[in-house]
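# Tertiary structure, described
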Amino acid sequence: MTIRIISALAAAAFLAQPAAQAQGAGQAAFRWPDGARAAVSLSYDDSLDSQLDTALPTLDKYGLKASFYLELSGQSVGRRMAAWRAAAVRGHELGNHSLFHQCSGSLPGHQWVRPERDLDTLSVAQMAAQVRLGNTMLAAIDGRRERTYTVPCGDTMALAPGGRASYLPAIAGEFVAMKTAGGQAVTPSMGGLDPYAVTVLAPEGLSGKQLIALVREAGERGTMVNFTFHGVGGDYLVTSAEAHEELVRYLAENRKTYWTDTFLNIMTYVKKQK
Ligand SMILES: [Zn+2]
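These notes cover the structure that comes with them. All values derive from a computational prediction rather than experimental measurement.

Secondary structure assignment for the protein yields 9 helices and 10 strands. Per-residue burial over the protein gives 49% buried out of 274 residues. Pairs at least 24 apart in sequence give 74% of the contacts found in the protein among residues at least 6 apart. Accessible surface computed for the protein: about 12,900 Å², of which carbon and sulfur atoms make up 57%.

The structure is reproduced here in structure tokens:
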């Protein structure tokens with residue numbers, strides 16, 4: 001009887017322990033550096049002129065670092081390489097956004113995908129080889145070896161033996177972290193975050209106040225917020241120069257509360273904590 005009671009208590013304690021530990025770990029688990037409440041990744045996709053002309057000068061004026069995901073075949077990479085290189089020298093990240101920005105032409109709304117750039121016609125091995133070449137090209141521009149990736153359009157399925165498969169597992173080892181899907185700016189929990197499946201929001205036409213509200217939400221959750229801008233004051237998927245500067249100014253004025261840095265630096269820190 002006594003033995004049965006003791007063993008029952010022991011079993012209860014055994015069952016209770018992992019849950020209690022998990023709860024404690026969840027609460028105390030994640031701390032951003034220097035008491036910051038959240039991390040903020042400002043990212044800019046597709047190597048657009050308005051990013052060099054408008055977004056970068058604003059970031060530099062307020063002293064914040066960001067990530068620029070270059071489409072390496074993009075005109076501005078060849079034409080304005082010195083400007084991209086100078087951005088890297090000033091501490092910004094040049095990220096990989098593939099050579100040709102391949103997206104799946106067969107998906108709804110993707111009629112704009114040109115046949116020679118259609119991910120549907122590429123194999124996993126071909127796409128992976130191109131992404132690796134992208135890293136070599138980026139290293140030739142900025143001299144760095146550690147990098148992050150943003151998936152064009154969030155489309156991942158390429159040709160594979162027996163059908164189709166995601167090309168992401170074939171390239172994950174080349175990167176510190178990857179942004180793989182759109183729609184969600186604020187990371188729900190750091191404990192559940194997969195560094196190779198980080199979600200982002202690609203804002204279009206949001207006001208400075210709307211962007212700042214997302215930063216505050218990340219602060220309340222103690223997590224991170226990922227913005228993937230395209231045009232800033234021009235080009236396409238435009239955020240106005242004013243809204244962008246309002247956000248950057250707010251982040252600069254609250255830099256102790258919100259840690260704004262390159263996605264590479266943020267995710268290097270996140271992976272060390274895990
Ligand atoms: Zn893109």
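Between its first and last C-alpha atoms helix α7 (residues 208–221) spans 20 Å; for 14 residues at 1.5 Å apiece the expected length is 20 Å, and the two agree. For α7, the set of buried residues is Gly208, Leu211, Ile212, Leu214, Val215, Ala218 and Gly219. The buried residues of α7 occupy an angular sector of 150 degrees when projected down its axis, which confines them to one face. Of the exposed residues in α7, those oriented more than 90 degrees away from the buried face are Lys209 and Glu220. Against the buried residues of α7 lie β1 (38–45), β9 (224–229), α8 (241–253) and β10 (258–260). Positioned one or two residues after α7, Gly222 has a phi angle of 75 degrees, which is positive.

The geometry of α7 relative to α8 is characterised by a closest axis approach of 8 Å and an angle of 35 degrees between their N-to-C directions. Considering only the axes of α7 and α8, their crossing is right-handed. In this structure, α7 uses Gly208, Lys209, Leu211, Ile212, Val215 and Arg216 to contact α8, whose residues at the interface are Ala243, Glu246, Leu247, Tyr250 and Leu251. Taken together, the residues of the contact of α7 with α8 sort by class into 7 nonpolar, 1 polar and 3 charged.

This next bit is on the packing of aromatic side chains. Remark: the centre distance and the inter-plane angle together describe each pair of aromatic rings, the angle taken between the planes. Per the counting criterion, the structure on display carries 12 aromatic pairs. When the ring of Tyr44 is compared with that of Phe229, the centres are 5.4 Å apart and the planes differ by 25 degrees; the resulting orientation is stacked. Note that Tyr44 is positioned in strand β1 and Phe229 in strand β9, a separation of 185 residues in sequence. Exposure remark for Tyr44: the relative accessible area of 0% places this residue in the buried category. Taking relative accessible area as the criterion, Phe229 reaches 0% and is therefore assigned buried. Relative to Tyr269, the ring of Trp259 lies with its centre 5.6 Å away and its plane at 80 degrees, an arrangement referred to as edge-to-face. Residue Trp259 is located in strand β10, and its partner Tyr269 is located in helix α9 (residues 263–273); the two are separated by 10 residues in the primary sequence. Cluster of aromatic residues (ring-pair linked, three or more members): Tyr44, Phe68, Trp84, Phe227 and Phe229. The residue whose ring lies beneath Lys179 is Phe263, and the NZ or CZ to ring-centre distance is 4.2 Å.

Once that is clear, we can look at the coordination of the zinc ion. For the zinc ion, the full set of protein donor atoms is Asp46 (OD), His97 (NE2) and His101 (NE2), at a range of 2.1 Å. Read in sequence order, the donor residues for the zinc ion give the motif D-x50-H-x3-H. With a relative accessible area of 1%, His97 lands in the buried category.

Cut-offs used in this document
Residues numbered from 1 in each chain as written. Predicted model: local features only at pLDDT ≥ 70, side-chain atom pairs only at ≥ 80, totals over all residues. Heavy atoms only, no water. Helix = DSSP H or I, 4+ residues; strand = E, 2+ residues; numbered from the N terminus. Buried < 20%, exposed > 50% of the residue type's maximum accessible area, 1.4 Å probe, protein only. Contact = heavy atoms within 4.5 Å. Areas by Shrake-Rupley, 256 points an atom, 1.4 Å probe, with all protein chains shown as cover. Expected span 1.5 Å × (residues − 1). Arc of directions from axis to C-beta. Axes fitted to C-alpha atoms, helices over the stretch in contact; angles between N-to-C directions. Left-handed = near helix turned anticlockwise from the far one by under 90°. Nonpolar A, V, L, I, M, F, W, Y, C, P; charged D, E, K, R; others polar. Phe/Tyr/Trp six-rings, centres within 6.5 Å; stacked < 30°, edge-to-face > 60°. Lys NZ or Arg CZ within 6 Å of the ring centre and 35° of its normal. Donors = N, O, S within 2.8 Å, 3.2 Å for Na, K, Ca; no water.

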